Structures are given as structure tokens and as C-alpha cells.
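Residues per chain are reported as follows:
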Amino acid sequence: MAFTLPALGYAFDALEPHIDAQTMQIHHDKHHQAYVDNLNKALAGSDGEGKTLEDLMDNISAYPAAVRNNGGGHYNHTMFWTILGANGGQPTGELAQAINETFGSLDGLKEKMSTAGATRFGSGWAWLLVSDGKLLVSSTPNQDNPLMDVAEVKGHPILGIDVWEHAYYLHYQNRRPDYLKAIWNVINWDAVNARYKAAL
């Protein structure tokens, strides 16, 4: 089965004013679709055809750059759409407790994540991940992620923030820190909570 573009699950303008509708439409329909199309092309006729995204990530060093870049792009964005939402909310239960124990507070986590995203040179991602039952913050270049066997910090990502310019440039131009501050208004903590429980 070839990979397909997942539906967004909410309207393009659902995250305004923090993320504008035009950015969401281009990001989902054009950028993410291109990752899916190029991944399917790169895998056609290879031993990676038919494998899950997670299986590909786990052994990504065995595949060509086109699989790493586009497979990572497909995995990262598929997760990204689900951890965004109009109603935001707050972390709860075990996740809230783990955030407080690890980072001092939710504000402490936001600061660490925003720093990871702001200091990532060029394009990439900032991550909240679970490794050996503990929460960690990391960043990766390009479309890499913590599931990849090449990642400096490995684990199960539960929240990722896209810091490629296509994620924010129409609205924020070169003001990446402003985007990194605004995005916390549209984090779907129910989805992050669920990913945390699954990662444990």
C-alpha cells in the first residue's frame, strides 16, 4: 500500500490568528503532499515498499536520502497536524506531573522547547520526547526525528514543532521566536497526553 496524505481534521482557518489559513493550506496540501508523493516514488520497487513509517525510521540509515527526507517529512507532519487544535487546553494527569518534575513548570517546558526551535540552524524541528520513561527536549535538522537510528537523541516523540520557514513565514516572516511563542496557544494537549501514555 502506498502512503497517502492524511486529512487535516479541522478547517484551515481553525488555528487563526496564531497560524493563518493560507499557511495551513499550503503546508498541508502542497508541502506534506509532496513528501508523500516523493516517498512513494523513492520506495517503489525497493525492499522498503510496504514497510510502516516507524519501521523505516528505525532503520533509516539503510535507505537513500530521498527516503530519509520524505519519510521523515511524512511522519513528522502526520504527527504535527494531530497535536495542533483550536482549543489548546493544558497537559493533565501523569504528563502534567512529569512536565513539572522535569522542567519545573509548563512555562519551563515552553522555554526549553522554544530555545531548541529558535537555535536550530536552518530548517528542522523541536521535540518533546520520551526516552527510557523520561521526558527530554531535543531538536533535529531537516525532516529528521527522534525515532530515526541516526538521531543524536533517540526516543518516542510526543510533541513536535516545525521550524521550517514554510510553517510560519507568510505570517511571521523571519520572526521565528514569535511563531514559537504563538504556537503554544494551539497545542492539542489531549493528543499529546495520549501520545505520552502510548510512549510509556
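Residues numbered from 1 in each chain as written. Predicted model: local features only at pLDDT ≥ 70, side-chain atom pairs only at ≥ 80, totals over all residues. Heavy atoms only, no water.

(A) Structural detail: the overall build of the protein. In terms of helices and strands, the protein carries eight helices and three strands. Secondary structure elements of the protein, listed N to C terminal, follow the sequence α-α-α-α-α-β-β-β-α-α-α. By the burial criterion, 46% of the 200 residues in the protein qualify as buried. Put simply, 68% of the contacts in the protein that link residues at least 6 apart link residues at least 24 apart. A total accessible area of about 9500 Å² is found for the protein, and carbon and sulfur atoms account for 49% of it. Across the protein, the centroid of the 14 positively charged side chains sits 4 Å from that of the 22 negatively charged ones. (Helix = DSSP H or I, 4+ residues; strand = E, 2+ residues; numbered from the N terminus. Buried < 20%, exposed > 50% of the residue type's maximum accessible area, 1.4 Å probe, protein only. Contact = heavy atoms within 4.5 Å. Areas by Shrake-Rupley, 256 points an atom, 1.4 Å probe, with all protein chains shown as cover. Lys, Arg positive; Asp, Glu negative; His and termini not counted. Charge placed at Lys NZ, Arg CZ, Asp CG, Glu CD.)

(B) Helix α5 (residues 106-118), seen in detail. Between its first and last C-alpha atoms α5 spans 18 Å; for 13 residues at 1.5 Å apiece the expected length is 18 Å, and the two agree. Residues L106, G108, L109, M113, A116 and G117 constitute the buried set of α5. Taken down its axis, α5 places every buried residue within 165 degrees of arc, on the same side. Exposed residues on α5 whose side chains face more than 90 degrees from its buried face are D107 and E111. Where α5 begins, the side chain of S105 points an oxygen toward the backbone nitrogen of D107, at a separation of 3.4 Å. (Expected span 1.5 Å × (residues − 1). Arc of directions from axis to C-beta. Polar contact = N/O pair within 3.5 Å; in protein donor to acceptor, adjacent residues only side chain to side chain.)

(C) Representation of helix α8 (residues 189-199) in the model. Along α8, the residues classified as buried are W189, A191, V192, N193 and Y196. Packing partners of the buried residues in α8 comprise α3 (65-82), α4 (93-103), α5, β1 (124-131), β2 (134-141) and β3 (156-162). For α8, the capping residue at the N-terminal end is N188, with a side-chain oxygen 3.2 Å from the backbone nitrogen of D190.

(D) View of the packing of aromatic side chains. For the structure on display, the rule yields six aromatic pairs. Ring geometry for W125 versus W127: centroids 5.3 Å apart, planes at 15 degrees, classification stacked. Members of the aromatic cluster, connected to one another through ring pairs, are F80, W81, W125 and W127. (Phe/Tyr/Trp six-rings, centres within 6.5 Å; stacked < 30°, edge-to-face > 60°.)

(E) Representation of the pattern of salt bridges. Taken as a whole and judged by the stated rule, the model has two salt bridges. Close ionic contact of R68 with D144 constitutes a salt bridge, the shortest N to O distance being 2.6 Å. In this pair, R68 sits in helix α3 while D144 sits in the loop between β2 and β3, placing the two residues 76 residues apart along the sequence. On the basis of relative accessible area, R68 is assigned to the partly exposed category, the value being 29%. In this structure, the salt-bridge partner of R175 is D178, at a minimum N-O distance of 3.0 Å. With a relative accessible area of 34%, R175 lands in the partly exposed category. (Salt bridge = Lys/Arg side-chain N within 4 Å of Asp/Glu carboxyl O.)

(F) Layout of the sheet that holds β2. Judged by pairing direction, the sheet is antiparallel, and its three strands sit side by side in the order β2-β1-β3 without closing on themselves. Of all strands in the sheet, those bounded by a partner on one side alone are β2 and β3. Across the sheet, the mean angle separating the axes of adjacent strands is 25 degrees when strand polarity is ignored. Here β1 runs beside β3; their pairing, made up of six bridges, is antiparallel. In the sheet register, W125 faces β3, and the bridge partner there is D162. (Pairing = 2+ DSSP bridges. Axes fitted to C-alpha atoms, helices over the stretch in contact; angles between N-to-C directions.)

(G) Highlighting unusual backbone geometry. The linkage connecting E16 with the following residue, P17, adopts the cis geometry, with an omega of 5 degrees. Along the chain, P17 falls in the segment before α1 (21-43). Even without being glycine, N142 reaches a positive phi, approximately 55 degrees. A residue is classified by how much of its surface remains accessible, and N142, at 40% relative accessible area, is partly exposed. You will see that Q173, though not glycine, has its phi angle at about 50 degrees, which is positive. Relative to the elements of secondary structure, Q173 occurs in the loop between α6 (169-172) and α7 (176-182).

What is shown is where atoms sit, not what they do.
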